[in-house]
Amino acid sequence: MGPVLGRDFYARDAVEAAPLLLGKLLCRRTEEGLAAGMIVETEAYRGPLDDAAHSFGGRPTERTRVMFGPPGHAYVFSIYGMHSCLNAVTGGEGQPQAVLIRALEPVEGLSLMAARRGVQDPRQLCSGPGKLCQALGVTRAQNGLDLTGEELFLAEYRLFSPDAVCVSPRVNVDYAVEYRDRLWRFFLKDHPCVSRVPRRYAARGTLE
DNA sequence: TGTCCGATTGGT
DNA sequence: CCAATCGGACAG
């Protein structure tokens, strides 16, 4: 594992940070042990103007207040009454942006993940935002955690060329109008742990 | 206080 | 395709 990402990494636009997070190692330390996985899929949520984002409109609420704080903290929310989703807060203070971590390739603590998930297949351990939170033991109790701390942090791990990165519209944001079709989902091409293959996507290198 | 619903998942 | 299951956002 390379150096742990510092505060300055997160102090940038979510759309810039999201693809940079691919290949980073997400690490979770608990009493049960260490569990970690390489990030293979992310989505950017850009803030007040992004009508798919929880921070749309720019007013903090009970749920979203950590997004309005300094970057490099965990924004964890619960969804459908039974799953959690983990974001890394990005942007400057007062800029309520975040990157949703959508899928990992399990790297460390596979048996711990399997016990938490109740499945064995490595491809089923972290191939979705709710799955990876369950595998890592992340719940709303970790909302607001400093990602430069010891319990939950990111570290340098692998580098990928732009050719290996694909983009697509974000998943399940049909409620959004203006920003629904933005290509703000980023994932590693042909990686078996990506949550699901979208209908429309492109290699990022072909767009730029 | 009451109602509505989701940045998901797993099973039909 | 559909149900599970509940905290929070928001209307009143």
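Everything here concerns the structure above.
Please read all numbers here as calculations on a predicted model, not as lab measurements.

J.: Any details on the overall build of chain A? Residues and values, ideally.
T.: The secondary structure content of chain A amounts to 4 helices and 9 strands. Counted from the first residue to the last, chain A has its helices and strands arranged as α-α-β-β-β-β-β-α-α-β-β-β-β. Here the C-alpha atoms of chain A give a radius of gyration of 16 Å, agreeing with the 17 Å that 2.2 N^0.38 yields for 208 residues. Considering only C-alpha atoms, chain A reaches an extent of 40 × 40 × 35 Å along its principal axes. Relative to its full complement of 208 residues, chain A shows a buried share of 43%. Considering only contacts within chain A whose residues lie at least 6 apart along the sequence, 66% involve residues at least 24 apart.

J.: Quick one: what's the story with the protein's contact with DNA strand B, residue by residue and with numbers?
T.: Surveying the vicinity of DNA strand B reveals 20 residues, the closest of which are His54, Leu100, Gly128, Gly130 and Asn172. Those elements that provide at least two residues to the surface near DNA strand B are β4 (83–90), β5 (97–108) and α4 (129–136). Across the surface near DNA strand B, the residue classes break down as 11 nonpolar, 8 polar and 1 charged.

J.: Any chance you could break down the protein's contact with DNA strand C for me, citing the residues and the numbers?
T.: Around DNA strand C, the structure places Thr61, Glu62, Arg63, Thr64, Ser78, Tyr80, Gly81 and Met82. Residue composition of the surface near DNA strand C, grouped by class: 2 nonpolar, 4 polar and 2 charged.

J.: Mind laying out the pairing of strand β2 (residues 33–45), listing which residues take part and the relevant values?
T.: β2 sits mainly inside the fold: 11 of its 13 residues count as buried. Relative to β2, strand β1 (residues 25–30) is paired through 6 bridges, and the arrangement is antiparallel. Paired with Arg28 across the two strands is Ala35, which belongs to β2. Pairing between β2 and β5: 9 bridges, direction antiparallel. Residue Thr42 lies in a different strand from β5, and its bridge partner there is Ile101. Relative to strand β8 (residues 185–188), β2 is paired through 3 bridges, and the arrangement is antiparallel. Across the sheet, the residue bridging to Thr42 is Phe186, located in β8.

J.: Outline the nonpolar core, supporting the account with residue identities and numerical values.
T.: Within the largest apolar cluster, 57 residues are counted, with the highest numbers of intra-cluster contacts made by Val40, Ala98, Val99 and Leu104. With 7 residues, the top contributor of residues to this core is β2. Dropping the residues within four chain positions of it, Val40 is found in contact with Leu22, Ala103, Leu104, Glu105, Phe187, Leu188, His191, Cys193 and Val194.

J.: Now, about α4: what can you tell me, with residues and values included?
T.: Of all 8 residues making up α4, 6 are buried, and the element is well covered by its neighbours. Taken together, the buried positions of α4 are Pro129, Lys131, Leu132, Cys133, Ala135 and Leu136. Those residues of α4 that are buried are in contact with β1, β2, β4, β5 and α3 (110–117).

J.: Pulling in residues and values, what's your account of unusual backbone geometry?
T.: The phi dihedral of Asn172 falls on the positive side, at around 60°, and the residue is not glycine. Positionally, Asn172 belongs in the loop between β7 (165–168) and β8. Given 8 C-beta atoms within 10 Å, Asn172 falls into the exposed group. For Asp190, which is not glycine, the phi torsion reads 60° and is therefore positive. Tracing the sequence through the fold places Asp190 in the loop between β8 and β9 (202–203). C-beta crowding within 10 Å serves as the criterion here: with 9 such atoms nearby, Asp190 is assigned to the exposed category.

The rules behind these values
- Residues numbered from 1 in each chain as written.
- Chains lettered and ligands numbered in written order.
- Predicted model: local features only at pLDDT ≥ 70, side-chain atom pairs only at ≥ 80, totals over all residues.
- Helix = DSSP H or I, 4+ residues; strand = E, 2+ residues; numbered from the N terminus.
- Rg over C-alpha atoms; globule rule 2.2 N^0.38 Å.
- Buried ≥ 20, exposed ≤ 12 C-beta atoms within 10 Å, placed from the backbone.
- Contact = placed C-beta atoms within 7 Å.
- Near = placed C-beta within 6 Å.
- Nonpolar A, V, L, I, M, F, W, Y, C, P; charged D, E, K, R; others polar.
- Pairing = 2+ DSSP bridges.
- Core = buried A, V, L, I, M, F, W, Y, C linked by C-beta atoms within 7 Å.

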